[in-house]
Amino acid sequence: MTSSLYDEEVVADCAVDVPKPRKASSLRTWGPAMVAMALVIAVNAFLLGPTGGKIPALTEKHINRRNLAEARTQAVLSMEYDPVADAKRGRRIGERNLSEEEGGVLEYTRRRHRYLGEYVHIDVSGQFSFFGKLSVSFIYFCFWVFLMFPNWFLPIGRPGIALGGGLSMVVWRFILQIAGHGPFFDAERVIIMEPLFLLFGLMLTTIYLEKMERGGLFDKLRDSLDDPVNWKRSAKIMAMSTIGSAAVMNDSIVLIFSGVVVDLCVRHKVTNSLPYLLSLATTANIGSALTMTGNPQNILIVSLAYDDIGWLEFAGNMAIPVVAATFINSAMMFAYYGPELFPGSSGIVENFGVMFGGNRTPEMLAQEHAYYARQAAAKEGKEEDSSGSWSMWSRIQVVVVLLFLVCFAVGLDVCVTSICAGAILMCVASYKRQHYDPRPETVEYDADGNPLPPKKTYDIDGNEIQPEDEEIVTESETTLTEVDYGLLMLFIGQFILIGSFDDTGVPQAFFNVTMGSCAKQMTSVPCVYWFVIIITVLSNIASNVPVCQMLAATFPYASPYDWLQVSFSATIAGNLTMLGSAANMIVAFQAAKVGDRTFTSERHAPFGIPSTIGCLYAGTFLLSTFHFSPECSEKLGECDGDAANDDAVN
């Protein structure tokens, strides 16, 4: 009785008081990015000198590390290889702490060297001619540009571009091999199957969480992120994304919530969904830096690090940098997209009053009134329904999700866990649809609304098929068709392109040339500030996982602190461009699937560049200042030398 007049007043207020935001100028759009890049150049020129003249000489600690590494490598290479014993232990690295009978540290080091050589990186750059390296690099960068701007030349789409690029690279590498300009290209070796299995399992799980029941767990989760105030809705998305990515994995979080964020934008008739999609993607990358299970490169780093790095050690060192990066990214989000998140506000000062003083602009009040009017209308139409209650199917979803998270936490294989969770939900959804859901109405009507007699159907022998004998609709014909197989094709194509490009040795040469004298002291101040920029650039050109693989083969005895700096910079680098991380690509794809194509490379970069640089340098400073992981390798014996030197000094 009270809603009709109230609704009319609210609609009238909304139609008058909510203006569309003005289009920003080029200086407003790209100005922060240009200032951030100028600051990077200025800071490094000040610390290292314009030509690198201020780079400090190698200390006794660095020389001692180099000598120990060379001695350990020589001892490992001189060990006799027992293929039978090694076959019994398997191809994996295995336990880090081997017994004396098994060879102790030396045996572990030998097996690790074989692992790095066989699986991660094989240096074949010397088998390329100059023409071979140049042509492969040219093909890679051409398709890199096409992936950045997929509709620039032809509207093929990123999966088609990546797969076409991968196939083109395979054909060209074969031509180079025949012509004697390059080695054999083992494309199967560079396709890493684990991320593909993980993505498939996560997509399967997400689809069934969403489609199993209307008003179920997925809808309740979406409603928890809803808020009538734009900036609060963005803050909730960032908080959920940060915590979830640290607990599970950034790819799974963005895969689950990309559609939710777009749905919220549609529900609130948001004219620009980019701030909300950026809130999800950027904080997913930042939050994943906290734990060793937050993203694929962290998992790889922990498995390839020479010294043990525990879960608590990793998270304890990363806590301060990640919290600082989260606040910086959030502050920049509210400042850069102030007109969208604070409609009607006059600027940053008024935005502070809105966030901390409880103030509201007329436009915000109109949005709140419209939101509560819609809620009142929705509740009035569902008075007899038990909305808000948890059905049996929702409880099953919760149990499966909790078991899924527990299996992740205890260290079970993430690929098997995600696929099993999706398979369990598929069986539950199929049983529910077969025995509990109402049958779809198949009655047809004529123009006057009268029901028509059912059409008779016959089998191949001419026998009439009774209605109860009709073919049952299977999951393969319904829900399984919603799996984004194009996304899997995108990753396969990218793996082939990146793997071939790494074979040329160009990324490694770029690293050595740009690092110069800092290559042997890359995580020492002031070289660390230049080092993280090089890692950021390489991570966006050759992807962060191959960069970590390259560093593991190039610096096999890096200390735990070295790897923490690599992990932080390679993870934060994912926010620089849209191709910087898989999470960004997943957000773009999931949003495009439901018709939202605002998350593009050219719209991501103006915010991504300054946010990444600010988070990267603040986090690097805090990590280099506050960390308790050793800056030396205990297994290499380097820490014993440092302790002896400290005693001698004292």
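Residues numbered from 1 in each chain as written. Predicted model: local features only at pLDDT ≥ 70, side-chain atom pairs only at ≥ 80, totals over all residues. Heavy atoms only, no water.

## Topic: the UniProt feature "transmembrane region" (unreviewed entry) in the protein chain
Then, in step 1: As annotated in UniProt, the feature "transmembrane region" (unreviewed entry) corresponds to residues 29-48, 134-154, 160-179, 191-209, 314-337, 398-431, 522-543 and 563-587 in the numbering used here.
Then, in step 2: Taken end to end, residues 29-48 is 100% helix and 0% strand, and its two terminal C-alpha atoms sit 31 Å from one another.
Then, in step 3: The span residues 563-587 carries 64% helix and 0% strand; its end-to-end C-alpha distance comes to 28 Å. (UniProt positions renumbered as here; feature names shortened; annotations may be inferred. Helix = DSSP H or I, 4+ residues; strand = E, 2+ residues; numbered from the N terminus.)

## Quick notes on the nonpolar core
Then, in step 1: Counting 92 residues, the largest nonpolar core has Phe257, Leu280, Tyr337, Leu341 and Phe599 as its most contacted members.
Then, in step 2: With sequence-adjacent residues up to four places away left out, Phe599 is seen in contact with Leu274, Leu277, Leu278, Ala281, Met578, Asn584, Val587, Ala588 and His604. (Core = buried A, V, L, I, M, F, W, Y, C linked by side-chain atoms within 4.5 Å. Buried < 20%, exposed > 50% of the residue type's maximum accessible area, 1.4 Å probe, protein only. Contact = heavy atoms within 4.5 Å.)

## Concerning the packing of helix H12 (residues 250-267) against helix H26 (residues 582-593)
Then, in step 1: Close contact between H12 and H26 brings their axes to 9 Å; oriented N to C, the two are set at 30°. Compared by their axis directions, H12 and H26 come out roughly parallel. H12 and H26 meet at a crossing whose hand is right-handed. Residues Asn250, Asp251, Val254, Leu255, Ser258 and Val262 of H12 touch H26, and the partners they reach there are Ala582, Ala583, Ile586, Val587, Gln590 and Ala591.
Then, in step 2: Along the lines of polarity and charge, the residues of the contact of H12 with H26 split into 8 nonpolar, 3 polar and 1 charged. (Axes fitted to C-alpha atoms, helices over the stretch in contact; angles between N-to-C directions. Parallel < 35°, antiparallel > 145°, perpendicular 65-115°, else oblique. Left-handed = near helix turned anticlockwise from the far one by under 90°. Nonpolar A, V, L, I, M, F, W, Y, C, P; charged D, E, K, R; others polar.)

## Quick word on the packing of aromatic side chains
Then, in step 1: Using the criterion set out here, one finds 17 aromatic pairs in the structure.
Then, in step 2: Each ring, one from Phe141 and one from Phe501, has its centre 5.5 Å from the other, and the planes form 80°; the classification is edge-to-face. Placement of Phe141 in helix H6 (residues 130-148) and of Phe501 in helix H21 (residues 485-503) is noted, with a sequence separation of 360 residues between them.
Then, in step 3: The partly exposed category is assigned to Phe141, whose relative accessible area is 33%.
Then, in step 4: Here the aromatic residues Tyr140, Phe141 and Phe501 are joined through ring pairs into a cluster of three or more.
Then, in step 5: Sitting above the plane of the Phe46 ring, Lys54 keeps its charged end 5.2 Å from the centroid. (Phe/Tyr/Trp six-rings, centres within 6.5 Å; stacked < 30°, edge-to-face > 60°. Lys NZ or Arg CZ within 6 Å of the ring centre and 35° of its normal.)

## Observations concerning the state of the cysteines
Then, in step 1: In this structure the tally under the stated criterion is 2 disulfides.
Then, in step 2: Each sulfur of the disulfide joining Cys518 and Cys527 lies 2.1 Å from the other. Sign of the S-S torsion, about -65° for the bond between Cys518 and Cys527, identifies this disulfide as left-handed.
Then, in step 3: With a relative accessible area of 1%, Cys518 lands in the buried category.
Then, in step 4: Note on cysteine connectivity: Cys632 is disulfide-linked to Cys639, with sulfurs 2.0 Å apart. On the S-S bond that ties Cys632 to Cys639, the torsion sits near 105°, and the link is right-handed. (Disulfide = S-S within 2.5 Å.)

## Concerning the packing of helix H7 (residues 158-179) against H21
Then, in step 1: Where H7 meets H21, the closest approach of the two axes is 7 Å, and the angle between their N-to-C directions is 35°. Considering how the two elements wind past one another, H7 and H21 form a crossing that is left-handed. The segment H7 lies against H21, with Arg158, Pro159, Ala162, Leu163, Gly165, Gly166, Met169, Val170 and Arg173 engaging Gly486, Met489, Leu490, Gly493, Gln494, Ile496, Leu497, Ser500 and Asp503.
Then, in step 2: Taken together, the residues of the contact of H7 with H21 break down into 9 nonpolar, 6 polar and 3 charged.

## Considerations on the pattern of salt bridges
Then, in step 1: Inspection of every chain in the model, using the stated rule, returns 8 salt bridges.
Then, in step 2: A salt bridge links Glu638 to Arg65, with the nearest nitrogen and oxygen atoms 3.0 Å apart. Of this pair, Glu638 sits in helix H28 (residues 638-649) while Arg65 sits in helix H3 (residues 60-77), and the two are 573 residues apart along the sequence.
Then, in step 3: The exposure class assigned to Glu638 is buried, which follows from its relative accessible area of 0%. (Salt bridge = Lys/Arg side-chain N within 4 Å of Asp/Glu carboxyl O.)

## Quick notes on empty space enclosed by the protein
Then, in step 1: One pass over the full model with this rule turns up 2 cavities of 30 Å³ or more.
Then, in step 2: In this structure, the second largest cavity occupies an estimated 30 Å³ of space.
Then, in step 3: The wall of the second largest cavity is formed by Met522, Leu551, Phe555, Ala558, Asp562, Trp563 and Val566.
Then, in step 4: Top element by residues in the lining of the second largest cavity is helix H25 (residues 560-572). It accounts for 3 residues. (1 Å grid on protein atoms, 1.4 Å probe; cavity = no way out; pocket = protein on both sides within 12 Å on 5 of 7 lines; lining within 4 Å. Points joined across faces, edges and corners; volume = space filled by probe spheres on them.)

## Let's talk about unusual backbone geometry
Then, in step 1: Cis geometry marks the peptide bond from Val525 to Pro526, where omega comes out at 10°.
Then, in step 2: Examined against the element boundaries, Pro526 turns out to sit in the loop between helix H22 (506-515) and helix H23 (527-542).
Then, in step 3: In this structure, Lys269 is a non-glycine residue whose phi angle is positive, near 55°.
Then, in step 4: Mapped onto the elements, Lys269 comes out in the loop between H12 and helix H13 (274-288).
Then, in step 5: Look at Lys269 and you get exposed, because its relative accessible area is 73%.

## Structural notes on the environment of Glu634
Then, in step 1: Examined against the element boundaries, Glu634 turns out to sit in the loop between helix H27 (601-625) and H28.
Then, in step 2: In this structure Glu634 comes out as exposed when scored by relative accessible area, which is 55%.
Then, in step 3: Considered as a pair, Glu634 and Tyr306 are 328 residues apart in the sequence and their alpha carbons are 9.1 Å apart.
Then, in step 4: Sequence-distant contacts of Glu634, that is, excluding residues within four places in its chain, are made with Asp307 and Cys639.

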